[in-house]
Amino acid sequence: MAKIQLNIPLMMASTSIFRRRMLEEVKLPCSFEKPLDEENDIKSEVRYLPFPEQALALGAYKGQTLSKNHPDTYVISSDQMAVCEGKVYSKPKSLEEGVEQLLELSGKVVELYTAAIIQKNSETVWSYVETPSVQMRKFTKTEALSYLQMEPEALYCCGSCKLEGTGCYLVH
């Protein structure tokens, strides 16, 4: 497949290996920069918003300074939130926390609020939120640990579940 030719500069405000892979797989020419604004700075401010608005606000926040610093560049930023029964599941801080998260989600429906935003010169020119729901199957602590050992990248995902790859076995 030939690389796509764009006549506009495009930047992804992310250090995520998953987002980089997605854009590289579709041959989209894009630079990648670490967001200068970390979402943790505003999480407490947006936690009262409905979940789709939280995901949009957190995603937009990640790209705002890069967009301001690169006014002629289209900056893509995003965020995903895993929510089950009103509880937000962040990226786990350890393998043990990952197992705990998966056990809490076992047998339940998880909503994945996924937001994507494009900004140019600090203005949002496009945004979108999709909320797929997945039904987690029931699994044991041994199965959760085994999954995370086979799929260690899941520890970089909210809710400790990376649905691509072996994560597909965690859902119905």
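The following paragraphs examine the structure supplied in this document. This structure is a prediction, so every number in the text was calculated from the model and none was measured.

**Some points on the pattern of salt bridges**
Item 1. If you walk through the whole model with that rule in mind, you get eight salt bridges.
Item 2. As a salt-bridge pair, Arg 137 and Glu 143 come within 3.9 Å of each other at their nearest N and O atoms.
Item 3. On the accessibility criterion, Arg 137 (26% relative accessible area) is partly exposed.
Item 4. Here Lys 162 ties to Glu 151 by a salt bridge, and the two come within 3.5 Å at their closest N and O atoms. With Lys 162 in the segment after helix H5 (141–150) and Glu 151 in the segment after H5, this residue pair connects regions lying eleven residues apart in the sequence.
Item 5. Take Lys 162: its relative accessible area is 9%, and that puts it in the buried class.
Item 6. A relative accessible area of 11% means that Glu 151 is categorised as buried.
Item 7. A network of salt bridges, in which partner residues are shared, links Arg 21, Glu 151, Glu 153 and Lys 162.

**Examining the nonpolar core**
Item 1. Of all hydrophobic cores here, the largest spans 19 residues; its most connected members are Leu 102, Val 110, Met 136 and Leu 170.
Item 2. Those elements giving two or more residues to this core turn out to be strand S3 (74–84), helix H4 (95–105), strand S5 (109–120) and H5.
Item 3. Apart from residues no more than four positions distant in its own chain, Met 136 is found in contact with Leu 102, Leu 105, Gly 107, Lys 108, Val 110, Cys 161, Leu 170, Val 171 and His 172.
Item 4. Core analysis: the next-biggest nonpolar cluster, separate from the first, contains ten residues, Ala 55, Met 81, Ala 115 and Ile 117 among them.

**Observations regarding the packing of aromatic side chains**
Item 1. Tallying each qualifying case throughout the model produces two aromatic pairs.
Item 2. Pairing Phe 51 with Tyr 113 gives two aromatic rings, centres 5.5 Å apart and planes at 45°, and the pair type is tilted. Of this pair, Phe 51 sits in helix H3 (residues 51–69) while Tyr 113 is found in strand S5, placing the two residues 62 residues apart along the sequence.
Item 3. Note on Tyr 113: relative accessible area 9%, which makes it buried.

**Some words on the pairing of strand S6 (residues 123–130)**
Item 1. In the sheet, S5 pairs with S6 via seven bridges, with the strands oriented antiparallel. Bridge pairing in S6 places Ile 118 opposite Trp 126.
Item 2. What sits between S5 and S6 in their antiparallel hairpin is a turn of two residues, with Asn 121 showing a positive phi close to 50°.

**Some remarks on the environment of Val 134**
Item 1. Looking at where Val 134 falls in the secondary structure, it is placed in strand S7 (residues 133–135).
Item 2. Residue class for Val 134 comes out buried when judged on its relative accessible area of 15%.
Item 3. C-alpha separation for the pair Val 134 and Thr 166, spaced 32 residues apart in sequence, amounts to 15 Å.
Item 4. Among residues more than four places away in sequence, those in contact with Val 134 are Lys 108, Val 109, Val 110, Leu 163 and Val 171.

**So, the environment of Cys 30**
Item 1. Its place among the elements puts Cys 30 in the loop between helix H1 (17–25) and strand S2 (31–33).
Item 2. Look at Cys 30 and you get buried, because its relative accessible area is 18%.
Item 3. Taking the C-alpha atoms as reference points, Cys 30 and Arg 20, ten residues apart in sequence, are found 9.0 Å from one another.
Item 4. Residue contacts for Cys 30: discarding those within four places in its chain leaves Leu 10, Met 11, Met 12 and Leu 23.

**Some details on a nonpolar patch on the surface**
Item 1. Nonpolar side chains collect at one region of the surface, where Val 125, Trp 126 and Tyr 128 lie side by side and expose about 320 Å² of accessible area between them.
Item 2. Residue placement: Trp 126 occurs in strand S6.
Item 3. The class for Trp 126 is partly exposed, based on a relative accessible area of 42%.

About the cut-offs
Residues numbered from 1 in each chain as written. Predicted model: local features only at pLDDT ≥ 70, side-chain atom pairs only at ≥ 80, totals over all residues. Heavy atoms only, no water. Salt bridge = Lys/Arg side-chain N within 4 Å of Asp/Glu carboxyl O. Buried < 20%, exposed > 50% of the residue type's maximum accessible area, 1.4 Å probe, protein only. Helix = DSSP H or I, 4+ residues; strand = E, 2+ residues; numbered from the N terminus. Core = buried A, V, L, I, M, F, W, Y, C linked by side-chain atoms within 4.5 Å. Contact = heavy atoms within 4.5 Å. Phe/Tyr/Trp six-rings, centres within 6.5 Å; stacked < 30°, edge-to-face > 60°. Pairing = 2+ DSSP bridges. Patch = residues over 30% accessible without salt bridge, like charges linked within 9 Å, V, L, I, M, F, W, Y side chains within 5 Å. Areas by Shrake-Rupley, 256 points an atom, 1.4 Å probe, with all protein chains shown as cover.

Everything listed here is a matter of coordinates, which is why it stays silent on function.
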